[in-house]
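An overview of the molecular structure
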Amino acid sequence: MSATVAERERLAGELRVIGLEPLPSYTNFLLVPHERAQELYEGLLAEGLAVRPSPGAIRITVHRPDADDRLVAALGRLV
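Each value, and the rule that gives it
Residues numbered from 1 in each chain as written. Predicted model: local features only at pLDDT ≥ 70, side-chain atom pairs only at ≥ 80, totals over all residues. Heavy atoms only, no water. Helix = DSSP H or I, 4+ residues; strand = E, 2+ residues; numbered from the N terminus. Expected span 1.5 Å × (residues − 1). Buried < 20%, exposed > 50% of the residue type's maximum accessible area, 1.4 Å probe, protein only. Arc of directions from axis to C-beta. Contact = heavy atoms within 4.5 Å. Polar contact = N/O pair within 3.5 Å; in protein donor to acceptor, adjacent residues only side chain to side chain.

Focus: helix α1 (residues 3-17)
Here α1 spans 21 Å end to end across 15 residues, near enough to the 21 Å set by a 1.5 Å rise per residue. Inspection of α1 places Glu7, Arg8, Leu11, Ala12 and Leu15 among the buried residues, and these make up the whole buried set. One side of α1 carries all its buried residues, which in axial view fall inside an arc of 140°. For α1, the exposed residues lying more than 90 degrees away from the buried face are Ala3 and Val17. In this structure, the buried side of α1 is in contact with β1 (29-33), β3 (57-61) and α3 (65-78). Count one or two residues on from α1 and you reach Gly19, which has phi positive near 95°.

Following this line, the structure appears as structure tokens:
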């Protein structure tokens, strides 16, 4: 298993812990549906964390574990 795949799966698990449900992924990003997706996007951006907005979801690119942990912590405060 590549490092990116392993980190993607770890990140998906951490997102589930805070109550989010990322869709299954075979890429280097996770699509996370949420009814307040735009609000989450704006809140993350205000904290200097860039994700991509999508209608009804945010798209999170898999990065290094420390960066992903920072993103999960910020999302935990926002959800």
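A look at the side chain of Ser25
You can see Ser25 is positioned in the loop between α1 and β1. For Ser25, a relative accessible area of 12% corresponds to the buried category. Only 2.6 Å separates the side chain of Ser25 from the backbone oxygen of Phe29, close enough to count as a polar contact. Among residues more than four places away in sequence, those in contact with Ser25 are Arg8, Glu9 and Leu30.

Quick look at helix α2 (residues 37-46)
For α2, the full list of buried residues reads Ala37, Leu40, Tyr41, Gly43 and Leu44. Around the axis of α2, the buried residues are gathered within 170° of arc, so they sit on the same side. Those residues of α2 that are buried are in contact with β2 (52-54), β3 and α3. Taken from the residues just after α2, Gly48 is the one with a positive phi, measuring 80°.

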